[in-house]
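Each chain is listed here by its residues.
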Number of protein chains: 2
Amino acid sequence: MKRLLPILNAITPVDRSLESEIRAHLDNLTKPPGSLGFLEDLATSYCLMTGTTAPRLAKKRIVTFAGDHGVAAEGVSAFPSEVTPQMVYNMLGGGAAINVLTRHVGADLQVVDIGVADPLEGASGLVRKKVRGGTDNISAGPAMSEEEAIQAIQVGVDLANGAADDGVTLLGTGEMGIANTTPSSALYAALIPCPVIEVTGRGTGIDDTRLKNKIEVIERSLTVNGHMLQNPLTTLAAVGGLEIAGICGLILAAAGRKLPVVVDGFISSAAALVAMRLSRSVADYLFFSHCSAEAGHRTFFDRMAIRPILDLDLRLGEGTGGALAMQVIEAAVKIYNEMATFDSAGVSSKADS
Amino acid sequence: MKRLLPILNAITPVDRSLESEIRAHLDNLTKPPGSLGFLEDLATSYCLMTGTTAPRLAKKRIVTFAGDHGVAAEGVSAFPSEVTPQMVYNMLGGGAAINVLTRHVGADLQVVDIGVADPLEGASGLVRKKVRGGTDNISAGPAMSEEEAIQAIQVGVDLANGAADDGVTLLGTGEMGIANTTPSSALYAALIPCPVIEVTGRGTGIDDTRLKNKIEVIERSLTVNGHMLQNPLTTLAAVGGLEIAGICGLILAAAGRKLPVVVDGFISSAAALVAMRLSRSVADYLFFSHCSAEAGHRTFFDRMAIRPILDLDLRLGEGTGGALAMQVIEAAVKIYNEMATFDSAGVSSKADS
């Protein structure tokens, strides 16, 4: 845990004293006060995150981390592990959903090998940051060592700092890794905490028998690794994943740089939960893009009192929900910046106020 | 009613025999089947609406109709009627929320005077289609004559045909009219049908006393005009509004041209309800953009078994929710058109299927 202190100490709460000025500006725009609802909250959050009453949303980027999972051997996924590298190549070739959606919203995409078993030789355009070629089977022992978890976090930290240095003003998380809903569910159960069954779903589409097995595998993982669940970092090492650790690091360092982060779906939210258990203030810098169709995501939002932006029954990951939510956040910031005021437009204000 | 038959007869159900081919294509894209959830439904709907398995979403337009309401004299709104023309000028000047959001999503905007009391002299860029300078007070008699309702419907019909002729492939509705939640609530109560209190909210922001008054005004309107509520057209004339009739016509004619329509919020949905009561098939061509914060909109969706795309607590109108939803629909169509297939990307399909 001590090794993370420089990263954690850089995260400070947002300055809420700005909020009254931000809200006053929104109320002075030519619309009934509050009538843009959640958009006004998003604009306010974006201002607070970036510490300004004159926000700028110039450059969007999604970072999609790929990693493999030893626990895939337990039959917890509908797809075989060979799909992880295949989908990495697909993303590099521009044919995956996240490619379509980042193009649609005008965001950059970085695809990062943080832990794919395949060497991905000759993969062009890949950000090569492999910590190790996949995790060990969490139902038999820890996913990785604490040292490896820190290395994977550092990969995310470096990429967040790179984004901030590149002028990115809205950063999204994404992931690809066959079987990665399993460690995510384990992390929710351990860190919310709550019963495994409340946060475990069908992932890419398993049937009832496999779901029952998946729940048993996760329960066994938490028992086998019980001695390692004493803090968020060791929990991440014990039952997490390399891409999850990378996202956790990306989130922590972005918050330290006051760079707003759009958290994608079920797996990214598990990484965000680890980050929130490591830092009291990191949540100030997070947008949660959507409520996944994966059973358990709603439990997370309810328990943490978080409102996701979209609810489209997505359960793909990659950063897809985050890409769509970026457009809504961008709309909110443009509302803040571009609408006329009552005075400037010569519009009468409310009759009864 | 007979005068509407040529418009209504042009609306035919979508050809659902295409659905299996559309769904098969979606299932062959490099993602777990169904994992893009509602986006896949939206893509399917767009294909069915346009009658093709090779959809094209090339040009988006929002048509915002402005009209005044005699019932404003009953103190049902937080804003005075003078705001209607002021907001029309604001929209023509580019400073309203709908301007920001249509720019954001890359849609055209048409602002239509279909019934503003003010002559709007010198307003540049306005589509001038005034049927009359506002409705009469519905709590004392009909809003307009049946003849005037048909004229206002025809305005919308002409604009939908114009859009189709201009190559528009996704059309959105919008409105501006002080007090227009009042006739909308009256239409819901009459046409769902349901008690007034279930579909009446605070509009632009009235207090408890004014809300109680608003409910009484609507109940009185339905009583006073009871003899005119025998069919959807006379109901529209009796307790509707000119902009609502315009939207109704826009929706009907767009459906007749197989041009998909994005229905905005509470007022636009009331117009859509009139259209749905006039035509059994028109709903096949409608997307409902969002669930408004206006009390009663949820009632409408629940009673009609409709799923709106977004839920952002918007209650502004103008077409703002429709603009945001257009981006989601466009994303869905791009997913359909641009993603790689399992074969083309060399990705393994599901292990257990």
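Presented here is a report on the structure given in the accompanying data block. (Residues numbered from 1 in each chain as written. Chains lettered and ligands numbered in written order. Predicted model: local features only at pLDDT ≥ 70, side-chain atom pairs only at ≥ 80, totals over all residues. Heavy atoms only, no water.)

Once that is clear, we can look at the overall build of chain A. A count of helices and strands for chain A gives 14 helices and six strands. For chain A, the spread of C-alpha atoms along the three principal axes comes to 70 × 45 × 40 Å. Relative to its full complement of 353 residues, chain A shows a buried share of 65%. Counting every atom, chain A has about 11,300 Å² of accessible surface; 48% of that belongs to carbon and sulfur. Between the averaged position of the 29 positive side-chain charges in chain A and that of its 38 negative side-chain charges there is a distance of 2 Å. (Helix = DSSP H or I, 4+ residues; strand = E, 2+ residues; numbered from the N terminus. Buried < 20%, exposed > 50% of the residue type's maximum accessible area, 1.4 Å probe, protein only. Areas by Shrake-Rupley, 256 points an atom, 1.4 Å probe, with all protein chains shown as cover. Lys, Arg positive; Asp, Glu negative; His and termini not counted. Charge placed at Lys NZ, Arg CZ, Asp CG, Glu CD.)

This part is about the pattern of salt bridges. One pass over the structure, following the stated rule, counts 40 salt bridges over all chains. For B:Glu19, the salt bridge identified is with B:Arg23, shortest N-O distance 3.4 Å. With a gap of four residues between them, B:Glu19 and B:Arg23 both fall in helix α2 (residues 19-27), about one helical turn apart. A network of salt bridges, in which partner residues are shared, links A:Glu19, A:Arg23 and A:Asp41. (Salt bridge = Lys/Arg side-chain N within 4 Å of Asp/Glu carboxyl O.)

Okay, the sheet that holds strand β2 (residues 107-115) of chain A next. Sheet strands associate in pairs through backbone hydrogen bonding, adopting either a parallel or an antiparallel arrangement. Residues and elements named next belong to chain A. Read across the sheet, six strands follow the order β3-β2-β1-β4-β5-β6 without closing on themselves; strand pairing throughout is parallel. Lying at the two open borders of the sheet, with one neighbouring strand each, are β3 (127-128) and β6 (286-288). Examined bridge by bridge, strand β5 (residues 261-263) and β6 share three bridges and lie parallel to one another. Each bridged residue has a counterpart across the sheet, and for Val261 the counterpart in β6 is Leu286. Of the strands in this sheet, β4 (170-176) and β6 touch helix α3 (residues 37-50), which is tilted by about 155 degrees from β6. Its contacts with the sheet place helix α10 (residues 242-256) against β1 (60-67), β2, β4, β5 and β6, and it is angled at close to 175 degrees to β4. (Pairing = 2+ DSSP bridges. Contact = heavy atoms within 4.5 Å. Axes fitted to C-alpha atoms, helices over the stretch in contact; angles between N-to-C directions.)

Membership of the largest hydrophobic core comes to 279 residues, with the highest contact counts inside it found for A:Ile309 and B:Ile309. Residues in contact with B:Ile309, not counting those within four places in the same chain, are A:Leu312, B:Phe38, B:Leu42, B:Phe287, B:Phe288, B:Ser289, B:His290, B:Ala325, B:Val328 and B:Ile329. (Core = buried A, V, L, I, M, F, W, Y, C linked by side-chain atoms within 4.5 Å.)

This part is about the relation of the copies chain B and chain A. Taken as rigid bodies, chain B and chain A are interconverted by a rotation of 180 degrees and an axial shift of 0.0 Å, the fit giving an RMSD of 0.0 Å. Here the copies are linked by what is in effect a two-fold axis. Relative to the rotation axis, the closest C-alpha in chain B is found at B:Leu310, a distance of 3.3 Å. Here 100% of the interface residues in chain B have copies in chain A that are interface residues too; the copies meet face to matching face. (Least-squares fit on C-alpha atoms with pLDDT ≥ 70 in both.)

Moving on, we come to the side chain of B:Thr135. Residue and element names in this part refer to chain B. Relative to the helices and strands, Thr135 resides in the loop between β3 (127-128) and α6 (146-165). The class of Thr135 is buried, set by a relative accessible area of 8%. Here Thr135 is in contact with Asp68, His69, Gly70, Ala143, Met144, Gly240, Gly241 and Leu242, once residues within four sequence places are set aside.

Here we come to the sheet that holds strand β5 (residues 261-263) of chain B. Residue and element names in this part refer to chain B. The sheet built from six strands is open, its strands ordered β3-β2-β1-β4-β5-β6 with parallel pairing. Each edge of the open sheet carries a strand with a single partner, namely β3 and β6 (286-288). Strand direction decides the pairing type here: strand β2 (residues 107-115) and β3, joined by two bridges, are parallel. Residue pairing for β3: Val112 is matched across the bridge by Val127.

The next point concerns the pairing of β4(A). Here is the key point about a regular strand: its side chains alternate between the two faces of the sheet. All names here are of chain A. With respect to burial, β4 is a largely interior element, seven of its seven residues being buried. The side-chain alternation of β4 yields two buried faces, one formed by Leu170, Gly172, Gly174 and Met176 and the other by Leu171, Thr173 and Glu175. Sheet topology note: the β1/β4 ladder contains seven bridges and is parallel. Considered in β4, the bridge of Phe65 is made with Glu175. Bridge analysis of β4 against β5 gives two bridges, and the strand direction is parallel. The residue bridging Gly172 from the neighbouring strand is Val262, located in β5.

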